[in-house]
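Architecture at a glance
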Amino acid sequence: MNGNPRTDGPSQEAQAQEAAATTAAPEASTEQQQERPAQESASAVDPEKQRLEAELDATRRRVDQLARAYQELQKDREEFKQRLTRERERMMDVERGNVATTLLEAVDELDRCLSMSGGDAASPLGQGVKMIRDGLLSKLQQTGIERIQVVGLPYDPNTAEATDMEITTSPDEDQKVVAEARAGYRMKDRIIRPARVKVAKYIAPAQA
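Figured I'd write up the structure that's included with this text. (Residues numbered from 1 in each chain as written. Predicted model: local features only at pLDDT ≥ 70, side-chain atom pairs only at ≥ 80, totals over all residues. Heavy atoms only, no water.)

Quick look at the overall build of the chain
Convention followed: In this text, helices come from DSSP runs of H or I with a minimum length of four residues, and strands from runs of E with a minimum of two, each type numbered from the N-terminal end. Under the scheme applied here, a residue whose accessible area is under 20% of the maximum for its type counts as buried, over 50% as exposed, and between as partly exposed, the area being computed with a 1.4 Å probe on protein chains only. The contact rule is simple, with two residues in contact once any of their heavy atoms fall within 4.5 Å.
A tally of regular secondary structure across the chain gives two helices and six strands. Along the chain, helices and strands appear, N-terminal first, in the series α-α-β-β-β-β-β-β. Looking at the chain as a whole, 15% of its 208 residues qualify as buried. Counting only contacts in the chain whose residues sit at least 6 apart along the sequence, the fraction spanning at least 24 positions is 68%.

Rendered as structure tokens:
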């Protein structure tokens, strides 16, 4: 041997690099192992989040449906109450009309008494009868009963009954009410008793 050191084995520098690589490899492997569970956790969270969002949207839609259904129920309830109130008022008007018709017949009787009394209408008895008649009419008016004005107006079969006819030679008077045999009355927009009237009928004068 010549006394030089042997170079068959790896140098110290190569050994150091190999040791460093060996040391770094486990560290890199550890980082990869840490990143992998995080990715797996993120991929697991996304479906859960989507499911919760879907359930939230479904719940909101259900709440909206229930709110609309409640509003419709309230609307139907109010409409029913209004119909019930209108029907009750209508029935009360019918009953008031029936009572008023009976009282009006009594007024008619008192009017006939006054018309038949002639000169006795100014007597104390006649004045008493007139006071009773006027008192009944006043009470009827307080309940919304009013007399229908028909004399001098065109005949309307909705408010009056034609019981007699009068011939007229004036075209302007044709189909007009010229006299009233019985007064007519209405309550609000409903005729509770039509008037009985005489209606003019135009007939052209005979040519000479």
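Right, picking up where we left off after that structure.
Thoughts on a nonpolar patch on the surface
Our working rule: Exposure above 30% relative accessible area and the lack of any salt bridge qualify a residue for a patch; like charges then connect within 9 Å, and the nonpolar side chains Val, Leu, Ile, Met, Phe, Trp and Tyr within 5 Å. The accessible surface values rely on the Shrake-Rupley method and a 1.4 Å probe; as for residues, cover is taken only from the protein chains in view. Within this document, salt bridges are pairs made up of a side-chain nitrogen of Lys or Arg and a carboxyl oxygen of Asp or Glu, the two lying within 4 Å of each other.
On the surface, Met165, Ile167 and Ile203 cluster together to form a nonpolar patch covering roughly 300 Å² of accessible area. In this fold, Ile203 is placed in the segment after strand S6 (195-202). Judged by its relative accessible area of 43%, Ile203 falls in the partly exposed class.

Observations concerning the side chain of Asp108
One can find Asp108 in helix H1 (residues 12-117). With relative accessibility at 13%, the residue Asp108 sits in the buried group. The contact partners of Asp108, leaving out residues within four places of it in the chain, are Arg182 and Arg193.

Some points on the nonpolar core
In globular proteins that are soluble, nonpolar side chains generally tend to be buried together. How we decide: For our purposes a nonpolar core is just a set of buried Ala, Val, Leu, Ile, Met, Phe, Trp, Tyr and Cys residues, chained together by side-chain atoms within 4.5 Å.
Counting residues in each nonpolar core, the largest one holds 10 residues, listed as Ala100, Leu104, Val107, Leu137, Leu140, Ile145, Ala183, Tyr185, Met187 and Ile192. The greatest single-element share of this core, amounting to three residues, is contributed by H1. The residues contacting Ala183, other than those within four sequence positions of it, are Arg147, Arg193, Pro194 and Ala195. Counting seven residues, the second largest nonpolar core, distinct from the first, contains Ile148, Val150, Val177 and Val199.

Thoughts on the sheet that holds strand S5 (residues 190-193)
Heads up, the rule is: Paired strands are those between which DSSP finds at least two bridges. Every angle, taken between N-to-C directions, lies between 0 and 180 degrees, and every axis is a line fitted to C-alpha atoms, over only the stretch in contact when it is a helix.
With respect to topology, three strands assemble into an open sheet ordered S1-S4-S5, the strand pairing being antiparallel. Across the chains shown, the open sheet's two edge strands, defined by having one partner strand only, are strand S1 (145-148) and S5. The sheet shows a mean angle of 40° between the axes of neighbouring strands, direction not considered. Sheet analysis places S1 next to strand S4 (residues 184-187), joined by four bridges and oriented antiparallel. Note that in S4 the partner of Arg147 across the bridge is Tyr185.

Topic: the side chain of Arg133
Looking at where Arg133 falls in the secondary structure, it is placed in helix H2 (residues 124-142). Judged by its relative accessible area of 18%, Arg133 falls in the buried class. Non-local contacts of Arg133, meaning those with residues more than four positions away in its chain, are made with Val107, Leu110, Asp111 and Arg147.

Let's talk about the pattern of salt bridges
Applying the stated criterion across every chain, the model contains 15 salt bridges. Note that Glu48 and Arg51 form a salt bridge whose closest N and O atoms lie 2.6 Å from each other. Highlighted residues: Glu48 and Arg51, both in helix H1, separated by three residues, approximately one helical turn. With relative accessibility at 39%, the residue Arg51 sits in the partly exposed group. When the shortest N-O distance is used, the salt bridge between Arg90 and Glu87 registers 2.8 Å. Remark: Glu87 and Arg90 occur in helix H1; sequence separation between them is three residues, near one turn of the helix. Linked through salt bridges whose partners overlap, the residues forming this network are Asp111, Lys130, Arg133 and Asp134.

Side note on the environment of Leu103
Among the structural elements, Leu103 can be located in helix H1. Using a relative accessible area of 31% as the deciding quantity, one classes Leu103 as partly exposed. Other than its neighbours up to four places away in sequence, Leu103 contacts Leu136 and Leu140.

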